[in-house]
Amino acid sequence: MPAPSSSPTTTPGTGVTPGTTAAPATKAPAPGSTPASASASTPASARNRFGPVALVVSAGVSVQFGAALAVTLMPRAGAAGVVTLRLAAAALVLLVVCRPKLRGYTRSDWGTVVAFGVAMAGMNGLFYQSIDRIPLGPAVTLEVLGPLALSVIVSRRLVNLLWAGLALAGVVLLSAHGGGGFGFGSLDPAGAAFAVGAGVMWAAYIVFSARTGRRFPQADGLALAMAVAAVISLPLGVAQAGSALLVPSTLALGLGVAVLSSVLPYTLELLALRRLPAPTFAILMSLEPAIAASAGLLVLGQAMSVLDGVAIALVIAASMGAVRSQIGKKARAAL
């Protein structure tokens, strides 16, 4: 799950990251420029591109290994308790760092940030319920369908129906997880449904993240929405975990989940987007299911079959294809 609760999230297929500005494209060499000058600039250009790419990949690794850590915490606090710890800790950190002002906003502005917080709470709550029941890799793969569907709807291009079909093929293959036959026979149906629901909320998160970014400066809206999400999740977490939320070791692990899944990836992506075009960022975010599957294997011992791997690869390819077709559309529109 690509930094869902605090990082600026890019819509696959739109290449737009709310609240951020894509780095300007490197100017092409002018006709008649010397080969020597071109060759001299190439190493620096490669280094400049590799740096932000490494930051985005590192952010993805941080998010998914944070989710794996959350799974190990669930026996202590339950899925709802872990969500509460993560959102509360992330909200506290962001409020301290951003110190958002509370005056000068309209009722419509507050309505937008509240809707953003509701989407954030729903996305996290449903996703953590999902990974409490099914492996991390399939959960993230199913969740990615939300932003992918949003991309197809927004683009309104026939070619994106091809990518939607490819993603659907991946889901059909994934439904045979564990060799239980198609139809999510051995992949817990409730866990799969929670993952799809998290994807729907992720799409809503993207929409309201963009609107919040236009109404609030810097990351102020994000910090306020995170606080709203934490308040919404608090009663559910307390009802499930109770006093277990106050155990020092549980609090420490919850803080670790918040840092890995929210604070660190948000910072890394923010740094990357200063030098990396948003469409490239979107393509890199499409790798999240593969990173999640790796985290599930290394941290949780969640081995995957060849069929699972093919299913994840199809969804990744569909997401990347949707992004690239949208980039091509923008390029043609600029001519």
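Residues numbered from 1 in each chain as written. Predicted model: local features only at pLDDT ≥ 70, side-chain atom pairs only at ≥ 80, totals over all residues. Heavy atoms only, no water.

**Q** Where do I start with the side chain of aspartate 109 in this structure?
**A** Here aspartate 109 lies in helix 2 (residues 107-131). Overall, aspartate 109 belongs to the buried group, its relative accessible area being 11%. (Helix = DSSP H or I, 4+ residues; strand = E, 2+ residues; numbered from the N terminus. Buried < 20%, exposed > 50% of the residue type's maximum accessible area, 1.4 Å probe, protein only.)

**Q** In this structure, what is going on with the packing of helix 2 against helix 6 (residues 189-215)? I would like to understand it.
**A** Packed helices, taken two at a time, are described by the angle their axes make and the gap between the axes. In contact at an axis separation of 7 Å, helix 2 and helix 6 are set at 155 degrees when each is read in the N-to-C sense. By the angle class used here, helix 2 and helix 6 are roughly antiparallel. Handedness of the crossing formed by helix 2 with helix 6: left-handed. Partitioned by chemical class, the residues of the contact of helix 2 with helix 6 number 17 nonpolar, nine polar and three charged. (Axes fitted to C-alpha atoms, helices over the stretch in contact; angles between N-to-C directions. Parallel < 35°, antiparallel > 145°, perpendicular 65-115°, else oblique. Left-handed = near helix turned anticlockwise from the far one by under 90°. Nonpolar A, V, L, I, M, F, W, Y, C, P; charged D, E, K, R; others polar.)

**Q** Got a minute to help me understand empty space enclosed by the protein in this structure?
**A** Which parts of space are left empty comes out when a probe the size of a water molecule is rolled across the atoms. Scanning the entire structure with this criterion turns up two cavities of 30 Å³ or more. Residue lining of the second largest cavity: Val56, Val57, Gly60, Leu284, Met285, Leu287, Glu288 and Ile291, and that is the complete set. Counting residues per element, the lining of the second largest cavity draws most heavily on helix 1 (residues 35-98), at three residues. In terms of residue class, the lining of the second largest cavity is built from six nonpolar, one polar and one charged. (1 Å grid on protein atoms, 1.4 Å probe; cavity = no way out; pocket = protein on both sides within 12 Å on 5 of 7 lines; lining within 4 Å. Points joined across faces, edges and corners; volume = space filled by probe spheres on them.)

**Q** Explanation requested: the environment of isoleucine 232 in the structure shown.
**A** Looking at the element boundaries, isoleucine 232 is found in helix 7 (residues 220-241). With relative accessibility at 38%, the residue isoleucine 232 sits in the partly exposed group. It is 8.4 Å that separates the C-alpha atoms of isoleucine 232 and glycine 117, two residues lying 115 residues apart in sequence. Isoleucine 232 has contacts with Gly117, Val118 and Ala121, leaving out every residue within four places of it along the chain. (Contact = heavy atoms within 4.5 Å.)

**Q** Please explain the environment of glycine 191 as it appears in this structure.
**A** In this fold, glycine 191 is placed in helix 6. By relative accessible area, glycine 191 is classed as buried at 0%. Through-space distance from the C-alpha of glycine 191 to that of proline 138 is 9.7 Å; in sequence the pair is 53 residues apart. Setting aside anything within four residues of it in sequence, one finds glycine 191 in contact with Ser130, Arg133 and Ile134.

**Q** I tried to follow the pattern of salt bridges on my own but got confused; where do I start?
**A** Side-chain pairs of opposite charge can arise whenever the charged atoms involved come near each other. As enumerated under the stated definition, the model contains one salt bridge in all. The salt bridge partner of aspartate 109 is arginine 215, with a shortest N-O separation of 2.6 Å. Pair noted here: aspartate 109 is in helix 2 and arginine 215 is in helix 6, with a separation of 106 residues, a long-range link. (Salt bridge = Lys/Arg side-chain N within 4 Å of Asp/Glu carboxyl O.)

**Q** Hey, could you run me through the packing of helix 2 against helix 7 in this one?
**A** Where helix 2 contacts helix 7, the two axes come as close as 7 Å, and the packing angle between them is 55 degrees. Relative to helix 7, helix 2 is oriented oblique. When the axes of helix 2 and helix 7 are compared, the crossing they make is right-handed. Across from Trp110, Val113, Val114, Phe116, Gly117, Val118, Met120 and Ala121 in helix 2, the residues of helix 7 making contact are Gly221, Leu222, Leu224, Ala225, Met226, Val228, Ala229 and Ile232. Class assignment of the residues belonging to the contact of helix 2 with helix 7 gives a composition of 14 nonpolar, two polar and no charged.

**Q** So what exactly am I meant to see when it comes to the packing of aromatic side chains here?
**A** The geometry of an aromatic ring pair is captured by two quantities: the separation of the ring centres and the angle between the planes. Scanning the entire structure with this criterion turns up five aromatic pairs. Relative to tryptophan 110, the ring of tyrosine 105 has its centre 5.9 Å away and its plane inclined at 85 degrees; by these criteria the two rings are edge-to-face. Taking the relative accessible area as the measure of exposure, tyrosine 105 reaches 15% and is therefore buried. You can call tryptophan 110 partly exposed: its relative accessible area is 29%. Their ring planes at 35 degrees and their centres at 4.3 Å tell us that tyrosine 105 and phenylalanine 216 sit as a pair that is tilted. One end of the pair, tyrosine 105, is in the loop between helix 1 and helix 2; the other, phenylalanine 216, is in the loop between helix 6 and helix 7, with 111 residues separating them in the sequence. Judged on exposure class, the residue tyrosine 105 and its partner phenylalanine 216 are both buried. (Phe/Tyr/Trp six-rings, centres within 6.5 Å; stacked < 30°, edge-to-face > 60°.)

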